[in-house]
Amino acid sequence: MKTIAVEIGPDGKMSFDFHGFEGETCETEEAAIRALLGKMCVSTLAEFARKEAERNAGQQIAPIRQKQ
Amino acid sequence: MSKVVTLSAAVSAPVVFKEMIDKLAAKDPQFAALIQEMDTREIIAECVKSAVDALCANHADITRAPAVLDYYQKAFAGKFHKIIKSRAFSRGIGISVDEKTGTINFSADDYQHQSEVKRLKDLFHQYFIQEALKAVLEILGYNIEASREVVKDANTGAEKVMLSLCAGKER
C-alpha cells in the first residue's frame, strides 16, 4: 500500500509525507502531484499573485474614500 | 466614495517549476504531455465550489451570501462563482474564476474590515489548496480522507486551521 499524508498550513503551504514508496518512485510521484497541481494552481494563483503585486505597485486603483 | 474592488491577496502559489514537468517527462513522457495539454478550468471551478462548501460546513460563522455589497449596502453587479460572508463581515466576498486564464479573483469592499476579509481569503485559499490536491490525487488513482484540526497559537491565542489529507492506493 502506498500512502501520502499532506498537511496544508494556514499560509497554504503543503508538507508531504510518503510511505511505501521506494527511491525514485517517490520522487516521480511527487513530481506528478506537483506538476498536476501546478497545472491547476500555479497558472491561476501565481498569475493572480503577480497581478496583485503589479496592482499594489501602481496603487492607483485602490479605493479612495471620503469622510462622511 | 466607497466601492467594491478586486482585493490584493496573500496567496502563496504552490512552488512548481518547469523542472517538475521535465523530470516527469523523463520518466513518463505521455503523462507529462497529458498534463501540459489538460484544460483545468472546469476542475478549478469545481474546486472553488467544493472549497466554499467545506468552508461553510466547517466554520459556523461563515455562510454563502446572495450578493457582494459595498459600504453603503449597494449590491455590486459583477458575476461571481461563489459569494461568502461571515458574522463579522456581512458585505460578502465574491469569488470568481477567469474563464480564459483560470485566475481566481476576490472582490469586496473591505473598508474597516481588512483583517476579517484577509482571514476569509486565507481560509478560502487553504481550503482551495486542499480541494485542488484532492482532485490531483484522485486523478492519480488514490483514495482520500480529508481532515481538519483547529489549533490555538500559544503566543497570541489566535485560532489556526490545519488541513490534512491521507491518500492511499494499492501498489
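Residues numbered from 1 in each chain as written. Chains lettered and ligands numbered in written order. Predicted model: local features only at pLDDT ≥ 70, side-chain atom pairs only at ≥ 80, totals over all residues. Heavy atoms only, no water.

A.B. asks: Residue-level account of the sheet that holds strand S6 (residues 143-152) of chain B, with values.
C.D. replies: Strand order across the open sheet formed by four strands is S2(A)-S1(A)-S7(B)-S6(B), with antiparallel pairing between neighbours. Strands at the two margins of the open sheet, each flanked by one partner only, are strand S2 (14-19) of chain A together with S6 of chain B. Direction aside, neighbouring strands of the sheet carry axes that sit 15° apart on average. Here six bridges tie strand S1 (residues 2-8) of chain A to S2 of chain A, and the two strands are oriented antiparallel to one another. Across the sheet, Val-6 of chain A pairs through a bridge with Phe-16 of chain A, a residue of S2 of chain A. With respect to the sheet, helix H4 (residues 114-139) of chain B is in contact with S1 and S2 of chain A together with S6 and strand S7 (159-169) of chain B, its orientation differing from that of S7 of chain B by roughly 0°. (Pairing = 2+ DSSP bridges. Helix = DSSP H or I, 4+ residues; strand = E, 2+ residues; numbered from the N terminus. Axes fitted to C-alpha atoms, helices over the stretch in contact; angles between N-to-C directions. Contact = heavy atoms within 4.5 Å.)

A.B. asks: Tell me about the pairing of strand S4 (residues 93-97) of chain B, and please be specific about residues and values.
C.D. replies: All names here are of chain B. Summarising burial for S4: five of the five residues are buried, a large majority. Covered by surrounding structure in S4 are Ile-93, Ile-95 and Val-97 together with Gly-94 and Ser-96, the residues of both alternating faces. Strand direction decides the pairing type here: strand S3 (residues 82-86) and S4, joined by three bridges, are antiparallel. Following the sheet pairing, Lys-82 is matched in S4 by Ile-95. Examined bridge by bridge, S4 and strand S5 (residues 104-108) share four bridges and lie antiparallel to one another. Across the sheet, residue Ile-95 finds its bridge partner in S5, namely Phe-106. (Buried < 20%, exposed > 50% of the residue type's maximum accessible area, 1.4 Å probe, protein only.)

A.B. asks: I'd love a proper account of the layout of surface pockets, names of residues and values included.
C.D. replies: All names here are of chain B. Taken as a whole, the largest pocket holds about 390 Å³ of empty space. If you trace the largest pocket, you find 18 residues lining it, with Arg-119, Leu-123, Glu-159, Lys-160 and Val-161 closest to the centre. The set of elements that each furnish at least two residues to the lining of the largest pocket consists of H4, S6 and S7. Tallying contributions element by element places H4 first for the lining of the largest pocket, with six residues. Across the lining of the largest pocket, the residue classes tally to six nonpolar, four polar and eight charged. (1 Å grid on protein atoms, 1.4 Å probe; cavity = no way out; pocket = protein on both sides within 12 Å on 5 of 7 lines; lining within 4 Å. Points joined across faces, edges and corners; volume = space filled by probe spheres on them. Nonpolar A, V, L, I, M, F, W, Y, C, P; charged D, E, K, R; others polar.)

A.B. asks: Hey, could you go over the pattern of salt bridges for me, with residue numbers and the actual values?
C.D. replies: For the coordinates displayed, the defined rule picks out nine salt bridges over all chains. A salt bridge links Glu-29 of chain A to Lys-169 of chain B; the shortest N-O distance between them is 3.5 Å. On the criterion of chain membership, the pair formed by Glu-29 of chain A in helix H1 (residues 24-58) and Lys-169 of chain B in strand S7 is interchain, its members lying in two chains. Taking the shortest distance from any N to any O, the salt bridge between Lys-160 of chain B and Asp-153 of chain B comes out at 3.4 Å. Owing to a relative accessible area of 37%, Lys-160 of chain B belongs among the partly exposed residues under this scheme. The network of salt bridges with shared partners includes Lys-49, Asp-53 and Arg-64 of chain B. (Salt bridge = Lys/Arg side-chain N within 4 Å of Asp/Glu carboxyl O.)

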